[in-house]
Amino acid sequence: MKLRILIVDDDAQILRALRTSLQGRGHEIRTAPNGETALEVASEHPIDLVILDLGLPGIDGQEVIERLRSWSDVPIIVLSVREAQEQKVAALDAGADDYVTKPFAIEELLARIRAVRRRAASEVERSALRFGALTVDLARQAVAIDGELVHLTPTEYRLLETMATQPGKLLTHAWLLQKVWGPGYATESHYLRVFIRQLRQKLGDEAARPSFIITEPGLGYRWKPEPDDEVGGGGFEPP
Amino acid sequence: MEPRSSGGGAGSRIARPVAVALALAGAGTGLAAIPGISTAGAAVIYVLVVTGASAMGGLRAGLAASALSFLALNFFFTPPLHRLTVAKPEDLVALVVFLVVSVVVGTLLSSAVAQRARAERREREAFLLHRLGTRLLSGEPVADVLESFAEAVTELLPLARCEIRTELTAEPIVSERRGAEPGEPESIPMVAMGREVGQIVLSPALPGTEISEQERNVVQAFAGQMGLALEGVRQSSEAAGARLEAEASRLRAALFSSVTHDLRTPLASITAAVTSLLDGDPGFSDEQRTELLETIRHEAERMNRLVGNLVDLARIRAGALVPSKTPAAIDEIIEGVVARLQPLLKDHEVMLRLREDLPEVPVDVVQIDQVLTNLLENAARFSSPGSPIVVSAARWQHTVEVQVADRGEGIPPEELAHVFELFWSGDESSGTGMGLAIGRAIVEAHGGKIWIQDTPGGGTTVVFQLPVT
């Protein structure tokens, strides 16, 4: 999938590194050294994805997001630094889709790009998702590991499904709570912790070496694996 | 007391004794008038009046009471009654004897009382001075000591207002008696070694009056002592300032060399690995190539952790290490750090013992992440490959307590006191001693505590507690 990506950063070296890495993977790259140019480029050219550094000279990344969002819902991934947790949260609130903390490994950025594109492209309806040994049968609302059924409570299943259908994407506490428990639960993050722990236990996932659920402390969770491409029919045969 | 333009002090010095004498003489007369009491009995009662007046009102009251008693005895009890004449010669003798006795009693008694009061006051003054000196030298803030001293002087003399001006405090120290209208202020210099180090400005407790000779003497004695004590404080704080400056410049030098060293070391590995790969030498196996690339990656991550610490260090030094707290689950922060540090911890068996009932704690997630990163990095660095590292978290009273335990060689007891100091490092070759110092600064900025204890069976355990609310 070839994407038209706009990279906004005031550092020439990181622009060069990202341009080379992403062009090498077949994407079409435009760059902008500041927010003003970025908005100009985004209004004049069709763009599929914006990679935006938050610390820009002139109008800052936060404002770029706000202005972009006033007329476009192009996916935005922000580049942030470790210390700028609040800035990061503000960017997500303003409509950024995800973030990567500098310095980052390129595979991390690529995973984010896939995740936000998946959201942007209308998801193909699938009846089942397979993540290696784990199968999530969306039609039957059942989960199996190596063909062996995993017994989940309805809430656990809803949580798993919600996460597994958004692989790679940052799912904030508030968003997950609202999605799984419904409105009015947005602040009950201890519910979420309890259920995440139970899910991990049942999936045999270890928090310190996660294969499925990654913790983003203070922000939320990510479903780590991407689904295997070929999922035949109904996923697995019920025993 | 009413304001008077002048002479108020003199008025008061006469009015009060006379009032005391009048009151007691009146009471004595009433008592002696009880029917059945003889003239001799009445005389004894008047002796009591004089004694009482001397004790309560001093010499003037005693003399006034003597005179009043003499007149009353004559007027009410010696015939002819109600006249100031005496019929019988022996009554005259008795009256004169009474007068002499009462004057002598009054004089002696009042001087004894006054002497005792003076002694007590001297004792209080001496105590005050002694305490002042001790406190000034104890390192207590000078302003606090001077303030309580000013209060004590105001109380002791008493004064309406006492102000102490020195170069050691930015603002003058002022003590005021509530509701009192100050009289004429007077400034008494504090001198030490021929140099004026400050002034004590006194305002008497009566409006329109001046400081009395006696008050001036007392305060001058104080001023002399205080001048010496303040000069001592000034000199020792100058010396401390010089020491601090020396310490700070030593720290800066240590920071500089240590940061330079720590940034260059990974850069050296990176540069070596990258130039090897760029060299295009076809002799590398895939395995060797991967190893070089892994080196670059690990060293870059190491630099990133170092930069994280440098940012925190800069904040600490700028006094800007203010945690931006949000409720967060410590166990999740621990899990996140351990997951991120997998490459660094791969030679160790990391065991997490996180209680499931941990309450959320208001923390700066990034900062606590940094603390845990530093502790785990230390644990990995100072314990041998293959040994376990245990991270546990549990609720302890009103805190969440986190422990990072390794099975390394432990820290010798004599070094325990230094490990939280900046740039102390058990192993000279292995880089900065920033980790624990920054960890402590962050934990303390969260209102928590951090310390080190032995791991049972050998090794080092770093424990920190963060308050739940």
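Numbers given to residues run from 1 along each chain, matching the order in which its sequence is written. Whichever chain is written first becomes A and whichever ligand is written first becomes 1, with later ones labelled in order. For a predicted model such as this one, the threshold for reporting local features is a pLDDT of at least 70, and the threshold for listing and counting side-chain atom pairs is 80 or more; totals across whole chains, interfaces and linings nevertheless cover every residue.

Undergrad: Is there a simple way to think about the overall build of chain A in this case?
TA: Secondary structure elements are defined from DSSP: runs of H or I of at least 4 residues count as helices, runs of E of at least 2 residues count as strands, and each element is numbered from the N terminus. Along the backbone of chain A there are eight helices and twelve strands. When the 239 residues of chain A are sorted by exposure, 36% land in the buried category. By the criterion used throughout, residues are in contact when their C-beta atoms, derived from the backbone, lie within 7 Å. Summarising the internal contacts of chain A: among those between residues at least 6 apart in sequence, 56% fall at separations of at least 24. Burial is judged by counting the other C-beta atoms within 10 Å of a residue's own C-beta: 20 or more makes it buried, 12 or fewer makes it exposed, and any count in between marks it as partly exposed, with every C-beta position built from the backbone.

Undergrad: What should I look at first to understand the overall build of chain B in this one?
TA: Across its full length, chain B holds eleven helices and eleven strands. For chain B, long-range pairs separated by at least 24 residues make up 67% of all intrachain contacts whose partners lie at least 6 apart in sequence.

Undergrad: Looking at this model, I keep getting lost on helix H1 (residues 12-24) of chain A. Mind explaining?
TA: One turn of the α-helix equals 3.6 residues, which is why residues spaced by three or four share an orientation. Taking 1.5 Å as the rise per residue, H1(A) with 13 residues should run 18 Å; its terminal C-alpha atoms sit 18 Å apart, in good agreement. Immediately beyond the C-terminal end of H1(A), within one or two residues, lies Gly26(A), with a positive phi of roughly 90 degrees. In a helix, the anticipated span is given by 1.5 Å times the number of residues less one.

Undergrad: Explain the nonpolar core to me, please; I cannot follow it from the model alone.
TA: For soluble globular proteins, the rule of thumb is that nonpolar side chains tend to be buried together. By size, the foremost hydrophobic cluster in this structure holds 40 residues, and its most contacted members are Ile330(B), Ile333(B), Ile334(B), Leu372(B), Leu376(B) and Val404(B). Elements that contribute at least two residues to this core include exactly helix H7 (330-340), strand E7 (361-363), helix H9 (365-381), strand E8 (388-396), strand E9 (399-406), helix H11 (434-445) and strand E11 (460-467) of chain B. Counting residues per element, this core draws most heavily on H9(B), at nine residues. Ala32(A), Ile47(A), Leu56(A) and Leu79(A) belong to the second-largest nonpolar core, a separate cluster that totals 30 residues. Each nonpolar core reported here comprises buried Ala, Val, Leu, Ile, Met, Phe, Trp, Tyr and Cys residues connected via C-beta atoms within 7 Å.

Undergrad: Would you mind showing me how to read the packing of helix H6 (residues 286-317) of chain B against H9(B) here?
TA: Helix packing geometry: the angle between the two helix axes and the distance between the axes. All names here are of chain B. The angle between two axes is taken between their N-to-C directions and runs from 0 to 180 degrees, where each axis is a line fitted to C-alpha atoms and a helix contributes only its stretch in contact. Viewed as axis vectors pointing N to C, H6 and H9 meet at an angle of 130 degrees, and their least axial separation amounts to 11 Å. Comparing the axis directions of H6 and H9 gives the class oblique. Crossing of H6 over H9 shows left-handed handedness. When H6 is examined against H9, the residues Arg305, Gly308, Asn309 and Asp312 are found in contact with a partner set consisting of Gln370, Thr373, Asn374 and Glu377. Each residue is assigned to one class: nonpolar for Ala, Val, Leu, Ile, Met, Phe, Trp, Tyr, Cys and Pro, charged for Asp, Glu, Lys and Arg, and polar for all the others, Gly among them. Classifying every residue of the contact of H6 with H9 by side-chain character gives no nonpolar, five polar and three charged. When describing relative orientation, an angle under 35 degrees is termed roughly parallel and one over 145 degrees roughly antiparallel, while 65 to 115 degrees is termed roughly perpendicular and anything else oblique. For a crossing to be left-handed, the near helix must be turned anticlockwise from the far one by less than a right angle; the clockwise case is right-handed.

Undergrad: Help me understand the sheet that holds strand E6 (residues 349-354) of chain B, please; the structure alone is not making it clear to me.
TA: Residue and element names in this part refer to chain B. Each pair of strands is called paired provided DSSP finds at least two bridges between the two strands. Sheet architecture is open: five strands sit in the order E6-E8-E9-E11-E10, paired in mixed fashion. The sheet is open, and its two edges are formed by E6 and strand E10 (449-454), each paired on a single side. Sheet twist, expressed as the mean angle between neighbouring strand axes with direction ignored, is 15 degrees. Contacts from H9 reach E8, E9 and E11, with the element oriented near 20 degrees to E9. Strands in contact with H11 are E10 and E11; relative to E10, the strand with the most contacts, it is inclined by about 130 degrees.

Undergrad: How should I be thinking about the sheet that holds strand E5 (residues 98-102) of chain A in this particular structure?
TA: Either a parallel or an antiparallel arrangement is found when strands of a sheet pair, and the pairing is made through backbone hydrogen bonds. All names here are of chain A. Strands sit in the order E2-E1-E3-E4-E5 across an open sheet of five strands; the sheet is parallel. Each edge of the sheet is formed by a strand with only one pairing partner; in this case those strands are strand E2 (28-32) and E5. Taken over all neighbouring pairs, the strand axes of this sheet differ in orientation by 20 degrees on average, direction set aside. Bridge count between strand E3 (residues 49-53) and strand E4 (residues 76-81): four bridges; the pairing is parallel. Residue Leu52 lies in a different strand from E4, and its bridge partner there is Val78. Packed onto the sheet, helix H2 (residues 35-44) meets strand E1 (4-8), E2 and E3 and runs at close to 165 degrees relative to E1.

Undergrad: Can you walk me through the pairing of strand E4 (residues 195-204) of chain B in this structure?
TA: Along any regular strand, the residues point their side chains to alternate faces of the sheet. All names here are of chain B. Across seven bridges, the pairing between strand E1 (residues 159-166) and E4 is antiparallel. From the neighbouring strand, Ile164 faces E4, where its bridge partner is Ile200. What sits between the antiparallel neighbours strand E3 (residues 186-192) and E4 is a turn of two residues, in which Met193 has the positive phi angle 50 degrees.

Undergrad: Teacher, can you tell me more about the packing of helix H6 (residues 154-164) of chain A against helix H7 (residues 173-180) of chain A here?
TA: Residue and element names in this part refer to chain A. Packing of H6 against H7 brings their axes to within 10 Å, and their N-to-C directions diverge by 130 degrees. In terms of axis orientation, H6 runs oblique to H7. Crossing angle aside, the handedness with which H6 passes H7 is right-handed. Between H6 and H7, the contacting residues are Thr155, Arg158, Leu159 and Thr162 on the first element and Leu176, Lys179 and Val180 on the second. The residue inventory of the contact of H6 with H7, partitioned by class, reads three nonpolar, two polar and two charged.

Undergrad: Quick question: what am I supposed to make of the interface of chain B and chain A here?
TA: Put simply, an interface is often sized by how much accessible area is lost when its parts join up. Opposite the 22 residues of chain B that make contact, chain A presents 15 residues. Within the residue set of the side of chain B that touches chain A, elements represented by two or more residues are H6, strand E5 (326-328), H7, E6 and H9 of chain B. For the side of chain B that touches chain A, the per-class residue count stands at eleven nonpolar, six polar and five charged.

Undergrad: When you look at unusual backbone geometry in this model, what are you seeing that I'm missing?
TA: Trans peptide bonds make up most of the peptide bonds, and negative phi angles are found at most residues other than glycine. Residues and elements named next belong to chain A. For the bond from Lys102 to Pro103, the omega torsion is -5 degrees, close enough to zero to count as cis. Along the chain, Pro103 turns up in the loop between E5 and helix H5 (106-120). A positive phi is found at Asp146, a non-glycine position, where the angle reads about 50 degrees. Position of Asp146 among the secondary structure elements: in the loop between strand E8 (142-145) and strand E9 (148-150). Judged by C-beta crowding, with 9 C-beta atoms within 10 Å, Asp146 ranks as exposed.

Undergrad: Just to check I follow, could you spell out H2(A) for this structure?
TA: All names here are of chain A. Of all the residues in H2, the buried ones are Gly35, Ala38 and Ala42. All buried residues of H2 project into a common sector of 55 degrees when viewed along the axis, lining one side. H2 presents Glu40, Ser43 and Glu44 as exposed residues on the side facing more than 90 degrees away from its buried surface. Here the buried face of H2 lies against E1, E2, E3 and helix H3 (61-69). Taken from the helix axis, the directions to the C-beta atoms give the arc we talk about.

Undergrad: What is the right way to look at the confidence of the model for chain A in this model?
TA: Predicted coordinates in regions of low pLDDT should not be interpreted in detail. Residue and element names in this part refer to chain A. Predicted confidence across chain A gives a mean pLDDT of 87, with 92% of residues reaching 70 or more. When mean pLDDT is compared element by element in chain A, E1 scores highest at 96, while H5 scores lowest at 84. pLDDT under 50 marks residues 230-235. Its contacts with residues more than four places away, or in other chains, come to 13 contacts. Values of pLDDT, the confidence the predictor places in each residue, fall between 0 and 100.

Undergrad: Quick question: what am I supposed to make of the pairing of E4(A) here?
TA: All names here are of chain A. Counting buried positions over the six residues of E4 gives five, a clear majority of the element. In this fold, E3 hands off to H3, which returns the chain to E4; that crossover is right-handed. When the strands point away from the viewer, a crossover counts as right-handed if the path from the first strand over the helix to the second runs clockwise. Assessed by its sense of winding, the connection that carries the chain from E4 through helix H4 (residues 85-94) to E5 is right-handed.

Undergrad: Teacher, can you tell me more about the environment of Glu231(B) here?
TA: Residue and element names in this part refer to chain B. Its location among the elements puts Glu231 in helix H5 (residues 213-278). Residue Glu231 is classed as partly exposed on the basis of its 18 C-beta neighbours within 10 Å. Spatially, the C-alpha atom of Glu231 lies 9.9 Å from that of Met190, the residues being 41 residues apart in sequence. Not counting residues up to four positions away in its chain, the partners in contact with Glu231 are Ala192, Met193 and Val197.

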